[in-house]
Protein chains: 2
Amino acid sequence: MKEIQLVLSRRIGKTPFEERVFEQGARMFTVYNHMPLASIFRSSQEEYEHLCEHVQIWDVSSQRQVEVAGPDALKLVELVTPRDISRCRVGQCMYAILVDEQGGIVNDPVLIKLAEDRYRLSISDSGVLLWLKGIACGRNLDVDVFMPDVCPLAIQGPKADDLMAEIVGEEIRQLKFFRYVRGRIADMDLIIARSGWSGQGGYEIYLEDSTRGLALWDAIQEVGQKYDIRAGCPNLIDRIERGLLSYGSDMTLQDNPYEIGLDRFFNLEKEAECLSVRALGRILREGIKNALVYIFVSGDELSSPRHTWDLLDRGDNPVGIVTSLAYSRKYGSNIAFAKVRAGFSAPGNILSVELGSGERRQAEVVTRDWRRVCSLAQRKRG
Amino acid sequence: MKEIQLVLSRRIGKTPFEERVFEQGARMFTVYNHMPLASIFRSSQEEYEHLCEHVQIWDVSSQRQVEVAGPDALKLVELVTPRDISRCRVGQCMYAILVDEQGGIVNDPVLIKLAEDRYRLSISDSGVLLWLKGIACGRNLDVDVFMPDVCPLAIQGPKADDLMAEIVGEEIRQLKFFRYVRGRIADMDLIIARSGWSGQGGYEIYLEDSTRGLALWDAIQEVGQKYDIRAGCPNLIDRIERGLLSYGSDMTLQDNPYEIGLDRFFNLEKEAECLSVRALGRILREGIKNALVYIFVSGDELSSPRHTWDLLDRGDNPVGIVTSLAYSRKYGSNIAFAKVRAGFSAPGNILSVELGSGERRQAEVVTRDWRRVCSLAQRKRG
C-alpha cells in the first residue's frame, strides 16, 4: 500500500484539540464520523509500550455525541437498543448496542444518562443522529435529537489515576468503571467518566465548549509531565489484545449481535418496546450462522489488511474473513478478529488465511480470551 | 497545514476501481461516505486544465447508492424531499434535496427512478441510509431501504461524448441531461446517465458488480487513449467556477434550502405528504436569515481553508464565513462560496476575510454567476 495523503476540507470537522495533536507529531490519520482521528504518531508498537506503562492523552472528538432530550427520551433510547435502559441511573454509563428492526447492528455507543429525560450517546462511526431522528420523526415522539458541542478527550494508561487525582482530587480514584462525576479542570465544569477505548484503564473527559479545547489539553499536559504523559490515540495492538471491537471493521449493519458475541449485554425480556426484539428472537430461533472469533495467524509480523483476507478450510473453501489484525509481542503471534461460519468457530480449529499477495498462513481459532489460550498452549508445550 | 497520511482500514470501504486510482498517481485523498475519494493527482490546476480540454475517468464510488424499493417506495421518497417526485419518469434523474422535519438539509442526492416502485439515491456525504430506514421503520412503511452493490464511475470532460459514442454507440450523443439509458460495456449491462459533478459535461456509469470494476475501467481507458483520457477526480476549481455546492462544506443539517439557494428546485405545493413542508413554510414566513453567496477574494492565490475563515463587515463585526475557495485563472481571482447574514448578501457588498494567519483580504459579494459579474466588471473597467 502506497503512502497517500489526507486532505482536510471543511467537510471533515475540526476538533478542538487537533492543533496539539498535529504539533505533537501525529503523522497517520483516519476519518471517523467526519472528523480526523490520529492512528499513529511514531509506531503502534512504541505507542503500545508507552500506553501500557505511563499515561496518554487522546483526542477522541470523533466519538461524536448524540443527545436525546425530552419527555420521550427514554422511550426512544429503549426503542433503539435491546439493552434494558430502565435500569440505568444518572451518573452511569452503559455500553448500549443499537440494533435495527432486522437485527443488524447500527452502532455500539456508550450511553450516558444525564437526567431522567436526557441521554447522550458517545458513538462509533455511523450515522446515529439521522437514525434516531428518523425514528423520532416517523413515530412523532416528543424528543429533541441533536449533536451538542461536546468533545471527549481520553486519558488512558496505568498512571491515569495518579494524574487525574492530582488534577481533580483524590476522590476520583473511587470512581467505578462506567460511572461519571462532574469535575473541574482549567476553570471548566466537565463530565469525567471512568471509561475509554483501551485495555489500560483511564478516563474520558467531555469538553462542553469547543473554544476551550487547548486550555483543557494544556492543563492536563502540564501536570502530566511528571507522569511522562504523551499524546496518543486508540492503539490497534492494545485493542485486539483486549478484545475491543471496532464498528465498521469487526461489525457492520450486516451483522447481528449474536454473531458478534454482544448478546451478553442484553436479553429479549425487557419491558419497554424495542424495534429489534422480534428480529432478534427470530435470529435466535433460526440459529446463529456466523461467529466472530479470535485467531492466531502464524509466521512473521503482518500488517493490518486493506483487502479483506479470506479464511479457508482444509478443502480450500472460503469459510470466513479476517476483520482486524496486529502483531502482539506479548503473545508472540499475529492476533486477529475474524468472522467465520458457525461450524468453524470452535477453539482449536485450524484454517488458512489467504493474504492479498497470494501467500497463505495458518490460522488457529482460539477462545475469546487470549490469556487463557496462551496459558493453555504453554501447558501443552510444557 | 502539515502533510498527514491517511490510513485505510477495513472501516474505510474498498472501491472496485481503487487499484487503478492508486496506480495512476492519486496522491491526496479524502474520506467520503466511509470510502476513499481522490482529491488531487498532480495539482488541481493541471487537472482542471486537462478536464476542460479532454476527458477524465473518476472513481466516484463514494457517491454511495441508497435504494428504496417496494409498494411504499414513492411515499417514502416524497416524504423526505420537498421536490415533487410524482413528476419523475423512469429513465430520468432528479436533483432531489433531502430536508428534515425542521427544514435542515440532510443530503443533496441525485435521485434515479428505476421503476414505479424503485428509486435509487446517489448521495453526498451523510447517513442517508439510516435516515430513510429510520423513517420507514418509525412509520411502518412497506419498503426495503438498502445499499445495493452499485458504484458510479464518472466520465467527464468535452471529449466524453466522442469516447462514449465509440464505446456504446452513436445514440448516446442524443441522451439528454439527467436522463439515463442502459448500455453495454465489457460484457456488462450498465446504467449510463448524462450527469456528473463537473462543469464540463459527461456521464456517470453505474457498475452493478463490484468484482468487475477493473474490467470496466480498463475497457474505457483503452478506448480513451486516443482522447488523452486520464484518471481524475472532482476538481475544486471547476466546481466553484460552476457553482457546484458540496454537502458538509457549503451546506449542512444546520442550513435550510432557502439560505443555500436550493429552493428553485421545489415549491411547497406538491400533493404528496412531505416531512419538511411545514417547517419550510414557517422559515419562509419568518424570513430568510442567511444566504450562500459567491465572493471574489482579493490578492494572491490562497489555498482552501482548513479553519473557518470569518467574513467581517466594515465595523469588524463577523457577518459570515467562507465555505469553499479556490484560485481561478479564468476569472483572475480567488473565488469562493460564503454564507453571510442576509443583510450582507447583495452583489457589490464589500467585506473582509480574516485568514487564519491574521492576514486580511478584501471580499466582494457577486451575483450567483461568475461570468455575468466578470463581464460587468470588465464593462465597468472599460
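Parameters and conventions
Residues numbered from 1 in each chain as written. Chains lettered and ligands numbered in written order. Predicted model: local features only at pLDDT ≥ 70, side-chain atom pairs only at ≥ 80, totals over all residues. Heavy atoms only, no water. Axes fitted to C-alpha atoms, helices over the stretch in contact; angles between N-to-C directions. Helix = DSSP H or I, 4+ residues; strand = E, 2+ residues; numbered from the N terminus. Left-handed = near helix turned anticlockwise from the far one by under 90°. Contact = heavy atoms within 4.5 Å. Nonpolar A, V, L, I, M, F, W, Y, C, P; charged D, E, K, R; others polar. Pairing = 2+ DSSP bridges. Core = buried A, V, L, I, M, F, W, Y, C linked by side-chain atoms within 4.5 Å. Buried < 20%, exposed > 50% of the residue type's maximum accessible area, 1.4 Å probe, protein only. Lys, Arg positive; Asp, Glu negative; His and termini not counted. Salt bridge = Lys/Arg side-chain N within 4 Å of Asp/Glu carboxyl O. Polar contact = N/O pair within 3.5 Å; in protein donor to acceptor, adjacent residues only side chain to side chain. Least-squares fit on C-alpha atoms with pLDDT ≥ 70 in both. Phe/Tyr/Trp six-rings, centres within 6.5 Å; stacked < 30°, edge-to-face > 60°.

*Asks:* Just checking my understanding: could you explain the packing of helix α5 (residues 160-168) of chain B against helix α6 (residues 213-224) of chain B for this structure?
*Replies:* To characterise two packed helices, one gives the angle between the axes of the helices and the distance between these axes. Residue and element names in this part refer to chain B. Interaxial distance between α5 and α6 falls to 10 Å at its minimum, and their mutual angle equals 115°. The two elements α5 and α6 cross, and the hand of that crossing is right-handed. Each of L163, E166 and I167 in α5 lies in contact with α6, whose residues at this interface are I220, V223 and G224. Its residues assigned to classes, the contact of α5 with α6 comprises four nonpolar, one polar and one charged.

*Asks:* When you look at the sheet that holds strand β22 (residues 360-366) of chain A in this model, what are you seeing that I'm missing?
*Replies:* Backbone-to-backbone hydrogen bonds join strands into a sheet, with any given pair of strands oriented parallel or antiparallel. Residues and elements named next belong to chain A. The strand order β17-β20-β19-β18-β21-β22 describes a closed barrel built from six strands, whose pairing is antiparallel. Each strand axis lies, on average, 40° off the axis of its neighbour in the sheet, ignoring direction. Where strand β21 (residues 350-354) lies against β22, five bridges are found, and the strand directions are antiparallel. Looking at the pairing, I350 lines up with E364 of β22.

*Asks:* Would you mind showing me how to read the nonpolar core here?
*Replies:* The biggest cluster of nonpolar side chains holds 130 residues, and the ones touching the most others in it are L76(A), L111(A), L132(A), L76(B), V80(B), L111(B) and L132(B). Counting residues in each nonpolar core, the second largest holds 77 residues, with A26(A), F41(A), L153(A) and L207(B) among its members.

*Asks:* I'm lost on the side chain of D108(B) in this one. Help?
*Replies:* Residue and element names in this part refer to chain B. By the element assignment, D108 lies in the loop between β8 (105-107) and β9 (110-115). R239 provides the closest opposite charge to the buried, unpaired D108, separated from it by 9.1 Å. A distance of 2.6 Å separates polar atoms of two side chains, one belonging to D108 and the other to Y95. At 2.7 Å, the side chain of D108 and the side chain of S124 are in polar contact. Residue contacts for D108: discarding those within four places in its chain leaves Y95, I97, S124, L245, Y247 and M251.

*Asks:* Whenever I open this one, the relation of the copies chain B and chain A confuses me. Can you help?
*Replies:* Between the two chain copies there is a screw-like relation: a rotation about an axis and a shift along it. Taken as rigid bodies, chain B and chain A are interconverted by a rotation of 180° and an axial shift of 0.0 Å, the fit giving an RMSD of 0.0 Å. The transformation just described matches what one would write down for a two-fold rotation axis. Taken together, the interface assignments show that 100% of the residues at the interface of chain B recur at the interface of chain A, consistent with an identical surface on both copies.

*Asks:* What am I meant to see in the packing of aromatic side chains here?
*Replies:* How two aromatic rings sit relative to each other is given by the distance of their centres and the angle of their planes. Residues and elements named next belong to chain A. Tallied over the entire structure, the rule returns 18 aromatic pairs over all chains. The interplanar angle of 50° and the centroid separation of 5.3 Å between the aromatic rings of F22 and F29 together place this pair among those described as tilted. Each member of the pair, F22 as well as F29, is classed as buried. A connected cluster of aromatic rings, assembled from ring pairs, spans Y294, F296, Y331, F337 and W370.

*Asks:* Looking at this structure, I do not really get the sheet that holds strand β20 (residues 333-341) of chain B. What am I missing?
*Replies:* The antiparallel closed barrel is built from six strands, whose spatial order is β17-β20-β19-β18-β21-β22 (chain B). Each adjacent strand pair in this sheet contributes to an overall mean axis angle of 40°, direction not counted.

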